[in-house]
Amino acid sequence: MSETSAFLAACRRQRPSHRPLWVMRQAGRYLPEYRALRAKVDFATLTRTPDLAAEVTLQPLRRYEMDAAILFSDIMTPLQGMGVDLTFEPGPVVRQPIRTDAQIDALPALVPERDVPFVLETVRLVRAGAPRGTPLIGFAGGPFTLMCYLVGGRPSKEFGAARSFLYAQPDSAQRLLERLGDAMGEYLLAQATAGAQALMLFESWAGLLAAREFTRFALPAVRRALAIARRAGVPLIYYVNQGAALMEAVADLDADVIGVDWRMDLAEVRRRLGPGKAVQGNLDPAALFAPAEELKRQVAAVIAAAGPAPGHIFNLGHGIWQDTPPEAVARLVDYVHEYT
Ligand code: 1CP
């Protein structure tokens, strides 16, 4: 089956009509129309109110010719649905960090239709309202990344509490990760059933682990999530931030696309992953602050490194910064289109 969406074609390593592009965290605080809504409604309420969450999802598509939409939600939203008491300040803060087997065993399985019905309703609204038939990406947090917040309790540079938990209580860590893997698999599958046309796992803190610990702890849980999500029949994307040491470890995952940060050269990434994977990335979010000509050169460098073979989705290497000028994103979209 050949795809009419450039994004979906690239996910499947078919030749797209042009090089597809979207931007991680493209809905959010760098957009004045998002800030205007947020001035009236707190973040958690936004994510739980389908017409508002759908509106925010569509905001970047009205401004820019993005090739994909990403559901407006947060990686921690399904955990709230599982009864975890947390607030966004603005990063997630967990009232009672998880440290014991009793807490892990008390985490219920996620039943998306019951626990996060507003997410599924948002998916349906976005599908109904997406301009130009733009496909929608559903997403979840990678199990290890979720564990970082659940065990650590709040955003952190090193997530020392979560990492030491792996070594101090390896069996408990594994149990927690397995539970999160299964829950996120069901969560992704439910988003696809509601209409999401691709599914992405964000492993934002993968780079905190050595390849050996990543392979021992993080990967088995990712495999569980992907095995469940695979039943949806849509492309699966695994984003692995700071994954320079992890490319061989992720190469045989059952994901269609591997997303990478800006530190790696995409030509090398493609070599290390082999021909069976598409790649997504990887402009430095900081490059959006460059003068126009320099941004253009940076875009060209990413496209050149990715090469002419099908299977590249242009993106940033991590989420867009909240102080990014919206005009820079307009220039980025123009340059990617010009080069392809
Ligand atoms: O005040 C506000 O408006 C809340 C800020 C905010 C926003 C806009 C948070 C809290 N989450 C989000 C939305 C969000 N988060 C999206 C929606 C899609 C989009 O904006 O286009 C997505 C995909 C996420 C995913 C997410 N949340 C990740 C993975 C992606 C990444 O950037 O690495 C992570 C790590 C989080 C945790 C989180 N939630 C919020 C913040 C500020 C953070 C980061 C905290 C930290 O640095 O540890």
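Everything that follows concerns the structure shown earlier in this document.
What you are looking at is a predicted structure, and each value in this text was computed from that prediction instead of being measured.

The rules behind each value
Residue positions within a chain follow its written sequence, with the count starting from 1. Predicted model: local features are reported for residues with pLDDT of at least 70 only, side-chain atom pairs are reported and counted for 80 or more only, and whole-chain, interface and lining totals are derived from all residues. The basis for every side-chain value is the complete set of heavy atoms in the structure, and neither hydrogens nor water enter the calculation. Each helix is a run of H or I in the DSSP string that is no shorter than four residues. Each strand is a run of E no shorter than two, and both are numbered from the N terminus. Here, expected helix span is obtained from the residue count minus one, scaled by 1.5 Å. Categorising residues by exposure relies on relative accessible area from a 1.4 Å probe, with only protein chains included: less than 20% of the type maximum marks a residue as buried, more than 50% marks it as exposed, and the intermediate range marks it as partly exposed. Throughout, a residue-residue contact means that at least one pair of heavy atoms, one from each residue, lies within 4.5 Å. Proximity criterion: a residue is near a molecule or strand once any of its heavy atoms comes within 4 Å of it. Within 3.5 Å is the distance limit for a polar contact, defined as a pair of N or O atoms, with the added protein rule that one can donate a hydrogen and the other accept it, and that residues adjacent in sequence qualify only through two side-chain atoms. Residues are sorted three ways: Asp, Glu, Lys and Arg are charged, Ala, Val, Leu, Ile, Met, Phe, Trp, Tyr, Cys and Pro are nonpolar, and all the rest, Gly among them, are polar. Whether two strands pair comes down to DSSP finding at least two bridges between them. When the strands point away from the viewer and the connection leading from the first strand across the helix to the second strand turns clockwise, the crossover is called right-handed.

Draft legend 1. A look at helix α4 (residues 50–63). The end-to-end C-alpha distance of α4, which contains 14 residues, comes to 21 Å, matching closely the 20 Å that a straight helix rising 1.5 Å per residue would cover. Of the residues making up α4, those classed as buried are P50, A53, A54, V56, T57, L58, Q59, P60 and L61. On its buried side, α4 packs onto α2 (32–38), α3 (43–48), β1 (69–70), α8 (117–129) and β4 (136–141).

Draft legend 2. Structural context of the site of the ligand. Every one of the 24 residues lining the ligand counts as a neighbour, but A27, Y34, Y149, S204 and H318 are closest to it. At 2.5 Å from an oxygen atom of the ligand is found a side-chain nitrogen or oxygen belonging to S204. Split into classes, the residues belonging to the shell around the ligand amount to 15 nonpolar, 5 polar and 4 charged.

Draft legend 3. Focus on the pairing of strand β6 (residues 236–240). Among the 5 residues that make up β6, 5 are buried, leaving the element largely enclosed by the rest of the structure. By the alternation rule, side chains of β6 split into L236, Y238 and V240 and I237 and Y239, which are all buried. Two elements, strand β5 (residues 198–203) and β6, share 5 bridges in a ladder whose sense is parallel. Each bridged residue has a counterpart across the sheet, and for F202 the counterpart in β6 is Y239. Following the chain from β5 across helix α12 (residues 211–230) to the adjacent parallel β6, one finds a crossover that is right-handed. Pairing analysis gives 4 bridges linking β6 to strand β7 (residues 257–260), with the strands arranged parallel. Residue pairing across strands places Y238 opposite I258, the latter belonging to β7.

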